[in-house]
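Chains, contacts and geometry: an overview
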Amino acid sequence: MPFDYKIRDISLAESGRHQLRLAEHEMPGLMSLRAEYGESKPLAGAKIAGSLHMTVQTAVLIETLTALGAEVRWASCNIYSTQDEAAAAVVVGPNGTVDDPQGVPVFAWKGETLEEYWDCTNEILTWPGNEGPNMILDDGGDATMLVHKGTEWEKAGQVPPTTEDDSEEFSVFKALVRKTLAEDPTKWTKIGEQIQGVTEETTTGVHRLYELSRADGLLFPAINVNDSVTKSKFDNKYGTRHSVLDGLNRATDVLVGGKVAVVAGYGDVGKGVAAALAGQGARVVVTEIDPICALQAAMEGFQVTTMDKACEYGDIFVTTTGNFDIITADHMSRMKNKAIVSNIGHFDNEIDMAGLAKIPGIAKVEIKPQVHEWTFPADGDEEARSIIVLSEGRLMNLGNATGHPSFVMSNSFANQTIAQIELFTNGDAYRANGKPLVKTLPKHLDEKVARAHLDALGVELTALRKDQAEYIGVDVAGPYKPEHYRY
Ligand code: NAI
């Protein structure tokens, strides 16, 4: 049966399929879940709206979800992160052809406008015959926000003309909600009522979910996938340790050794980014607001200072905070000539791009897609200085490169798949007195994800003896650590 989709070029499917084949070899967690659940199909009946970077690794996740019985519609959660050949391969599917695609409806391409981005997010929530979705798989919380804000504004009888967030992105979002409510005034309540739960991939989206829950505004239960140990302590850290350099190299090919690299934030992502830059011989400087993380950075040998000072001598800047206004227009105007400015946190507001564009006399030149030189007006006799901004201030590892490698994403996405099964088949456990909760996966499932990746690396695990297990007060089969253990 023909289905709708919107991608860059379906003829890229063959190249995408070859990349998927190689990725599958590097994703033992997902492949072991296919082997374990391929026959019982615990996701039969699940209609999943997925909003997560449409990369090769995500393609393997999508085909795992369908192998477990789910129906899926997919969009990317960032305008630059789609790999067009992966999107094409998913649409064609393992058994289809370019002329007879039999895969999954994907609405994503590299270089969407903001309007297109929100249209695509709307597409994954708009199922033929209104029969779905009943699950969301989210990264950053945009699909979840659309359902929640849509419902809130539908009940209020109007989309607010102004709010405290008057960014361009939010105006485009409000326009989309207005359009959808004009077409169907009860669209979002109906969708919200059908959804059994959301599984959320990243720190920023999880933060939004807990905020909704605290305000009693959460419409359905959620699993916080990010805080599975095998997600945030691997993808956020070791994933970025790989992909931050990939982004820098593909964008600029600048030698990192000897340079002063300023890393804003020393959480999980900051730790990976700082380690990568230090590994290349950069002199790493960290900025932090949390005394614990600041002390950790100092103990690793990194100088810790403020952006206000570091902006004047850094050669390479990477923001990793999940917070806004980390590098301001003033900071950028004080930077060294040809400083490289980039963000690897989820949203683009870490760097004040709007403020940069408003500096009188500033000029922007595209060096190549997702690499822009911003030249400040010449100051008296001095030559004009410029800075290089990657991915317009959006996630540079996905905008300038292809995100994290398969092996680390196999950990994250095995958690996603298990979380989808949990919420879809055991949803009551994620409510208290009917009220939806936000929970992480139980520790034994976290250990299961790790275990699935050991053989591929030749890891020989020591078997815990029964008497030893009793001595340290755990079960021989795990979990091996108490809930409060921090890894
Ligand atoms: P985290 O909470 O572990 O770390 C963020 C750190 O930034 C914290 O230590 C916090 O104290 C610090 N911070 C907050 N405001 C600051 C400020 N004004 N100046 C300096 N430091 C400040 O979060 P995590 O897991 O490291 O994630 C960070 C961001 O990266 C999130 O937006 C997350 O969604 C995103 N992310 C991106 C990935 C990618 O592939 N690009 C992968 C995983 C996460």
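Given the structure is predicted, the values throughout are model-derived calculations rather than measurements.

1. A closer look at helix α11 (residues 235-251)
The largest bend in α11 comes to about 35°, at Arg241. Burial in α11 covers these residues: Asp235, Asn236, Gly239, Thr240, Ser243, Val244, Leu245, Asp246, Gly247, Leu248 and Ala251. Taken from the residues just after α11, Asp253 is the one with a positive phi, measuring 55°.

2. A few points about the packing of aromatic side chains
Per the counting criterion, the structure on display carries 9 aromatic pairs. Plain terms: the ring middles of Trp153 and Phe170 are 6.1 Å apart, the flat faces sit at 75° to each other, and that makes the pair edge-to-face. With a gap of 17 residues between them, Trp153 in helix α6 (residues 142-156) and Phe170 in helix α7 (residues 168-183) connect regions that are remote in the sequence. Each residue in the set Tyr117, Trp118, Trp153, Phe170 and Phe173 is aromatic and connected to the rest through ring pairs, giving one cluster.

3. Notes on unusual backbone geometry
Looking along the chain, the bond that leaves Gly132 and enters Pro133 is cis, with omega of 0°. For Asp253, which is not glycine, the phi torsion reads 55° and is therefore positive. Note on placement: Asp253 falls in the loop between α11 and β7 (260-264). Judged by its relative accessible area of 62%, Asp253 falls in the exposed class. A positive phi is found at Glu392, a non-glycine position, where the angle reads about 55°.

4. Focus on a nonpolar patch on the surface
A cluster of nonpolar side chains, namely Leu457, Val459 and Leu461, defines an oily patch on the protein surface of about 290 Å² accessible area. Within the secondary structure, Leu461 is located in the loop between α19 (443-451) and α20 (466-472).

5. Side note on the environment of Gly217
Assignment of secondary structure puts Gly217 in the loop between α9 (203-214) and β6 (222-224). Overall, the relative accessible area of 28% leaves Gly217 in the partly exposed class. On a C-alpha basis, the gap between Gly217 and His331 in space is 37 Å, while along the polypeptide they are 114 residues apart. With residues up to four places along the chain from it excluded, the contact list for Gly217 reads His148 and Leu212.

6. Comments concerning the sheet that holds strand β1 (residues 47-51)
Strand order in this open sheet of 7 strands is β3-β2-β1-β4-β5-β6-β17, and the pairing throughout is parallel. The sheet terminates laterally at β3 (106-107) and β17 (438-439), the two strands that pair on one side only. Two strands pair when backbone bridges link them, and strand β2 (residues 71-75) and β3 are joined in this way by 2 bridges, in the parallel orientation. Looking across to β3, one finds that Trp74 is bridged to Val106.

7. Concerning the sheet that holds strand β11 (residues 339-343)
On the basis of which strands lie adjacent, the open sheet formed by 8 strands has the order β9-β8-β7-β10-β11-β14-β13-β12 and mixed pairing. Edge positions in the sheet fall to β9 (303-304) and β12 (363-368), since each has one partner strand and no second. Note: strand β10 (residues 316-319) against β11, 4 bridges, orientation parallel. Directly across from Phe317, in β11, lies its bridge partner Val341. This element, helix α12 (residues 268-279), spans β7, β8 (283-287) and β10 of the sheet and lies at about 175° to β7.

8. Brief notes about the pattern of salt bridges
Note on pairing: side chains with opposite charge can pair once their charged atoms come close. Per the counting criterion, the structure on display carries 25 salt bridges. For the salt bridge of Lys435 with Asp216, the shortest nitrogen-to-oxygen distance reads 3.2 Å. Of the two residues, Lys435 is situated in strand β16 (residues 435-436) and Asp216 in the loop between α9 and β6; the sequence distance between them amounts to 219 residues. Exposure remark for Lys435: the relative accessible area of 42% places this residue in the partly exposed category. Taking relative accessible area as the criterion, Asp216 reaches 56% and is therefore assigned exposed. Across the salt bridge formed by Lys336 and Asp315, the nearest N and O atoms sit 2.7 Å from each other. Placement of the pair is Lys336 in the loop between α15 (329-333) and β11 and Asp315 in the loop between α14 (307-310) and β10, with a sequence separation of 21 residues. Since its relative accessible area comes to 16%, Asp315 is described here as buried. A cluster of three or more residues bridged by salt bridges with shared partners is formed by Asp308, Glu312, Asp330 and Arg334.

9. Side note on the UniProt feature "binding site: substrate" (unreviewed entry) in the chain
As annotated in UniProt, the feature "binding site: substrate" (unreviewed entry) corresponds to Thr55, Asp139, Glu201, Lys231 and Asp235 in the numbering used here. Residue placement: Lys231 occurs in helix α10 (residues 229-232). Under the relative-accessibility criterion, Lys231 is labelled buried at 2%.

10. A short note on the domain arrangement of the chain
Structurally, the chain comprises domain 1 (6-230 + 404-447) and domain 2 (240-400). Put simply, the middle of domain 1 and the middle of domain 2, counted by C-alpha atoms, are 30 Å apart. Each partner contributes residues to the interface: domain 1 has 18 residues there, and domain 2 has 15 residues. For the pair domain 1 and domain 2, the summed buried area comes to about 1,300 Å², and 58% of that belongs to carbon and sulfur atoms. Broken down residue by residue, the surface that domain 1 buries against domain 2 is led by Tyr80, Thr204 and His404, which jointly contribute 41%. Taken together, domain 1 and domain 2 are joined by 1 salt bridge. Of the charged contacts, one joins Arg394 and Glu169 as a salt bridge, the two residues approaching to 3.8 Å between their closest N and O atoms. Linking domain 1 with domain 2 are 3 residue pairs in polar contact (both at pLDDT 80 or more), by the criterion used here. Residues of the side of domain 1 that touches domain 2, tallied by class, amount to 5 nonpolar, 8 polar and 5 charged.

11. Concerning the site of the ligand
Around the ligand, 25 residues are found, and the nearest of them are Thr202, Thr203, Thr204, Glu288 and Ile344. Contact between the ligand and Val269: an oxygen atom at 2.8 Å from a main-chain N or O atom of the residue. Contacts to the ligand include Glu288, whose side-chain N or O atom sits 2.6 Å from an oxygen atom. Relative to its free-state accessible area of 850 Å², the ligand is covered by the protein chains to the extent of 84%. Counting only elements with at least two residues in the shell around the ligand, the list comes to α9, α11 and α12.

Rules used throughout
- Residues numbered from 1 in each chain as written.
- Predicted model: local features only at pLDDT ≥ 70, side-chain atom pairs only at ≥ 80, totals over all residues.
- Heavy atoms only, no water.
- Bend = angle between axes of the 7 residues up to and from the residue.
- Helix = DSSP H or I, 4+ residues; strand = E, 2+ residues; numbered from the N terminus.
- Buried < 20%, exposed > 50% of the residue type's maximum accessible area, 1.4 Å probe, protein only.
- Phe/Tyr/Trp six-rings, centres within 6.5 Å; stacked < 30°, edge-to-face > 60°.
- Patch = residues over 30% accessible without salt bridge, like charges linked within 9 Å, V, L, I, M, F, W, Y side chains within 5 Å.
- Areas by Shrake-Rupley, 256 points an atom, 1.4 Å probe, with all protein chains shown as cover.
- Salt bridge = Lys/Arg side-chain N within 4 Å of Asp/Glu carboxyl O.
- Contact = heavy atoms within 4.5 Å.
- Pairing = 2+ DSSP bridges.
- Axes fitted to C-alpha atoms, helices over the stretch in contact; angles between N-to-C directions.
- UniProt positions renumbered as here; feature names shortened; annotations may be inferred.
- Domains from an automatic or database assignment.
- Buried area = accessible area lost by both parts, 1.4 Å probe.
- Polar contact = N/O pair within 3.5 Å; in protein donor to acceptor, adjacent residues only side chain to side chain.
- Nonpolar A, V, L, I, M, F, W, Y, C, P; charged D, E, K, R; others polar.
- Near = heavy atom within 4 Å.

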